[in-house]
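# Fold and geometry: a report
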Amino acid sequence: MARIVMKFGGTSVADMDRIRNVARHVKREVDAGHEVAVVVSAMSGKTNELVSWTRDASPMHDAREYDSVVASGEQVTSGLLAIALQHLGINARSWQGWQIPIRTDNAHGAARILEINGDEIVRRMGEGQVAVVAGFQGLGPDNRISTLGRGGSDTSAVAIAAAVKADRCDIYTDVDGVYTTDPRIEPKARRLKKIAFEEMLEMASLGAKVLQVRSVELAMVFKVRTFVRSSFEDPDAPGMGDLLNPPGTLICDEEEIVEQEVVTGIAYAKDEAQISLRRLADRPGVSAAIFGPLAENHINVDMIVQNISEDGSKTDMTFTVPSGDVEKALRVLSEHKERIGFDVIQSESGLVKVSVIGIGMRSHAGVAASAFRALAEKGINIKAITTSEIKISILIDGAYAELAVRTLHSCYGLDKS
Ligand code: ASP
Ligand code: MG
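Along every chain, residues carry numbers that run from 1 in the direction the sequence is written. Here the convention is simple: chains get letters from A, ligands get numbers from 1, in the order in which they are written. In view of the model being predicted, local features appear only for residues whose pLDDT reaches at least 70, and side-chain atom pairs are presented and counted only at 80 or more, with totals across whole chains, interfaces and linings using the full set of residues. Side-chain calculation: all heavy atoms of the structure are included, whereas hydrogens and water are not.

### Re the overall build of the protein chain
- Looking only at helices and strands, the protein chain features 13 helices and 18 strands.
- Buried residues are those whose accessible area, probed at 1.4 Å on protein chains only, stays under 20% of the maximum for their type, while exposed residues exceed 50% and partly exposed ones sit between those limits. Within the protein chain, buried positions represent 49% of all 417 residues.
- Contacts are assigned to residue pairs that have any heavy atoms within 4.5 Å of one another. In the protein chain, of all internal contacts separated by at least 6 residues, the share reaching a separation of at least 24 is 75%.
- Computed with the Shrake-Rupley method and a 1.4 Å probe, the accessible areas treat only the protein chains shown as cover for residues. Working note: accessible area of the protein chain is about 19,100 Å², and carbon and sulfur atoms make up 49% of it.
- Charged residues are defined here as Lys and Arg on the positive side and Asp and Glu on the negative side; His and the ends of the chain fall outside this count. Think of each charge as sitting on NZ of Lys, CZ of Arg, CG of Asp or CD of Glu. Averaging the locations of the 47 positively and 57 negatively charged side chains of the protein chain gives two centres separated by 1 Å. A run of H or I in DSSP becomes a helix once it reaches four residues, and a run of E becomes a strand once it reaches two; helices and strands are each numbered from the N terminus.

Written out as structure tokens, the structure is:
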């Protein structure tokens, strides 16, 4: 017997037929003798609709009332799934965030989970009851409903799995796992059997939009073995109930990955822009003078490259921001021109950041060199490079995005199984 948390996303509960299908997935695990808790999202499109209603009611609305409105989508699906499960003869009960309670901080609209008391759910699981928990929502210190930010029900699921000490947290979604790269760009992309938490964090924040980044952070801290798998497969197909090797991708501690490849995946982020400040004074405090005001204006800076100054007096600074923020960034920098003390600003939009990710590169030399050689052979010019222990990011012209992804994917042999 195992204890399993099963989470179903919006497309998996989009209508009653799909909710009935979800109920069959749950029944399979219950029938196998496992203790099960389920976390659900709102029906797909529902949260967007609710958000738009709050905007329509008033563009400057109170975040507490926003939460009270948008949390309702999950209330509906948790109740419907509990009914569908009861219809199949399963002892099921729905739970809203406040009933457990899932305690969060006071940041309405983007709250963080502080504490979950899993005792009651564990007790009822012991009696054979399935808890169907509304994802995305909790209870703030002001005793009002809070929500966790868009995509937050992934985080609800991982947090509940940690609280009840589940053996596994299965995230059922509309893709059947995590791939070596975006299969829409490279049809030879392969589904990974396993990926380390750290790698998944890089993949997720770089646009492999499978899980809310926060959920992966939480899974890493609490070592929650998290499976990404599809809800659209026949719930009773062979292997679906396999406890050790179900179909999907396991996100786990790196120690669980025995045959570690050097590179695990290629991610990309579109719509990047590059800003360069030319002939800055090379003195203490310049970086703070640049990035302080950008941060205050909530502009997310990513790659940062500073030149070594030739004569010890002037230098250049280049960094990237999302294309949508470039006008704002240029305005903020111009306003602070005197304090920063640069000569000219240059900017370029429509760039793409392609990243090579793998914890195996920690212990291998030459990983970056292979990427540069492969891109050079295709005539792709590199505008900036940054590296970390497990990632090499390369900024290039947007027109070459797909070619670069495919080139790197095959350069590390990811298209061969
Ligand atoms: N329903 C919420 C959203 O659409 C939470 C979630 O689905 O994870 O953002
Ligand atoms: Mg989601």
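Further notes follow.
### Notes on the sheet that holds strand β14 (residues 304-306)
- Being paired, for any two strands, means DSSP has found at least two bridges between them. Spatially, the six strands line up as an open sheet ordered β14-β15-β13-β16-β18-β17, and their pairing is antiparallel. The sheet is open, and its two edges are formed by β14 and β17 (384-388), each paired on a single side. Sheet twist, expressed as the average angle between the axes of neighbouring strands with direction ignored, equals 25 degrees.
- With five bridges connecting them, β17 and strand β18 (residues 391-397) associate as antiparallel partners. Note that in β18 the partner of I385 across the bridge is I394.
- Interaxial angles span 0 to 180 degrees and are taken between N-to-C directions of axes, which are lines fitted to C-alpha atoms, for helices over the stretch in contact. Where helix α13 (residues 401-411) meets the sheet, it contacts β13 (265-281), β16 (344-357) and β18, and its direction lies at approximately 35 degrees from that of β16.

### What about the environment of G10?
- For G10, the position within the fold is in the loop between β1 (3-8) and α1 (16-31).
- Here G10 falls in the buried class, since its relative accessible area comes to 17%.
- Sequence spacing of G10 and V133 is 123 residues, and the spatial spacing of their C-alpha atoms is 14 Å.
- Not counting residues within four places of it along the chain, the set of residues in contact with G10 comprises S41, A42, M43 and S44.

### Brief notes about the site of ligand 1
- Surveying the vicinity of ligand 1 reveals the residues S41, A42, T47, E74, F136, R150, G151, G152 and S153.
- In the environment of ligand 1, an oxygen atom lies 2.6 Å from a nitrogen or oxygen atom belonging to the side chain of R150.
- Considering ligand 1 on its own, with 260 Å² of exposed area, one finds that the protein chains cover 86% of that surface.
- Residue type decides the class: Asp, Glu, Lys and Arg count as charged, Ala, Val, Leu, Ile, Met, Phe, Trp, Tyr, Cys and Pro as nonpolar, and the leftover types, Gly among them, as polar. Residues belonging to the shell around ligand 1 are distributed by class as follows: two nonpolar, five polar and two charged. By convention in these notes, a residue is near a molecule or strand provided one of its non-hydrogen atoms lies within 4 Å of it. Here a polar contact means two N or O atoms within 3.5 Å. Within protein one must be a hydrogen donor candidate and the other an acceptor candidate, and residues neighboring in sequence count only if both atoms are side-chain atoms.

### Regarding the pairing of β13
- In terms of residue burial, β13 counts as a mostly covered element, since 13 of its 17 residues are buried.
- Of the strand pairs in this sheet, β13 and β16 are connected by 11 bridges, and their pairing is antiparallel. When the sheet's bridge partners are listed, A269 is paired in β16 with K353.
- Of the strand pairs in this sheet, β13 and strand β15 (residues 314-322) are connected by eight bridges, and their pairing is antiparallel. Bridging across to β15, E272 finds its partner in P322.

### Focus: the environment of E198
- Inspection of the secondary structure assignment puts E198 in helix α7 (residues 197-205).
- Distance in space between the C-alpha atoms of E198 and G9 is 23 Å, their sequence separation being 189 residues.
- Residues within four places of E198 in sequence aside, it is in contact with M220, E254, R362 and I390.

### Observations regarding the packing of α1 against helix α4 (residues 72-87)
- At a minimum axis separation of 9 Å, α1 and α4 run at an interaxial angle of 60 degrees. Between α1 and α4, the crossing angle belongs to the class labelled oblique. Taken as a pair, α1 and α4 cross one another with a handedness that is right-handed. Packed against α1, whose contacting residues are M16, I19, V22, A23 and V26, the element α4 presents L80, L81, A84 and L85 at the interface.
- Tallied by class, the residues present in the contact of α1 with α4 amount to nine nonpolar, no polar and no charged. An angle below 35 degrees is read as roughly parallel, one above 145 as roughly antiparallel, one from 65 to 115 as roughly perpendicular, and any other as oblique. Put simply, a crossing is left-handed when the front helix is turned counterclockwise from the back one by less than a right angle, and right-handed when it is turned clockwise.

### A short note on the sheet that holds strand β3 (residues 92-95)
- What the eight strands build is an open sheet, ordered β3-β6-β2-β1-β9-β11-β12-β10; its pairing is mixed. Bordering the open sheet on either side are β3 and β10 (194-196), each of which pairs with just one other strand. In this sheet, neighbouring strand axes are inclined to one another by 20 degrees on average, regardless of whether the strands run parallel or antiparallel.
- With three bridges connecting them, strand β11 (residues 226-230) and strand β12 (residues 249-252) associate as antiparallel partners. Within β12, the position partnered with T226 by the bridge is I251.

### Structural notes on the packing of aromatic side chains
- Only rings of Phe, Tyr and Trp enter the pairing, Trp through its six-membered ring, and a pair is recorded when the two centres are within 6.5 Å. The plane angle decides the type: under 30 degrees is stacked, over 60 is edge-to-face, the rest tilted. A full pass over the atoms with the stated rule returns two aromatic pairs.
- Look at F8 and Y172: their rings are 4.6 Å apart centre to centre, the planes differ by 20 degrees, and that puts the pair in the stacked class. Of this pair, F8 sits in strand β1 while Y172 sits in strand β9 (residues 168-173), placing them 164 residues apart in sequence. Comparing F8 with Y172, the two get one shared label, buried.

### Thoughts on helix α3 (residues 63-70)
- Those residues of α3 that fall on the buried side of the exposure criterion are Y66, D67 and V70. Projection of α3 onto a plane perpendicular to its axis shows the buried side chains occupying an angular sector of 100 degrees, all on one side.
- Looking at the buried side of α3, the elements it contacts are α2 (46-57), α4 and β8 (145-147). In this context, the arc is that of the directions from the helix axis out to the C-beta atoms.

### Things to note about the pairing of β12
- Burial of β12 is two-sided: the residues T249 and I251 facing one way and the residues L250 and C252 facing the other way are all buried.
- Bridge analysis of β10 against β12 gives three bridges, and the strand direction is parallel. By the bridge assignment, K194 is partnered in β12 with L250.

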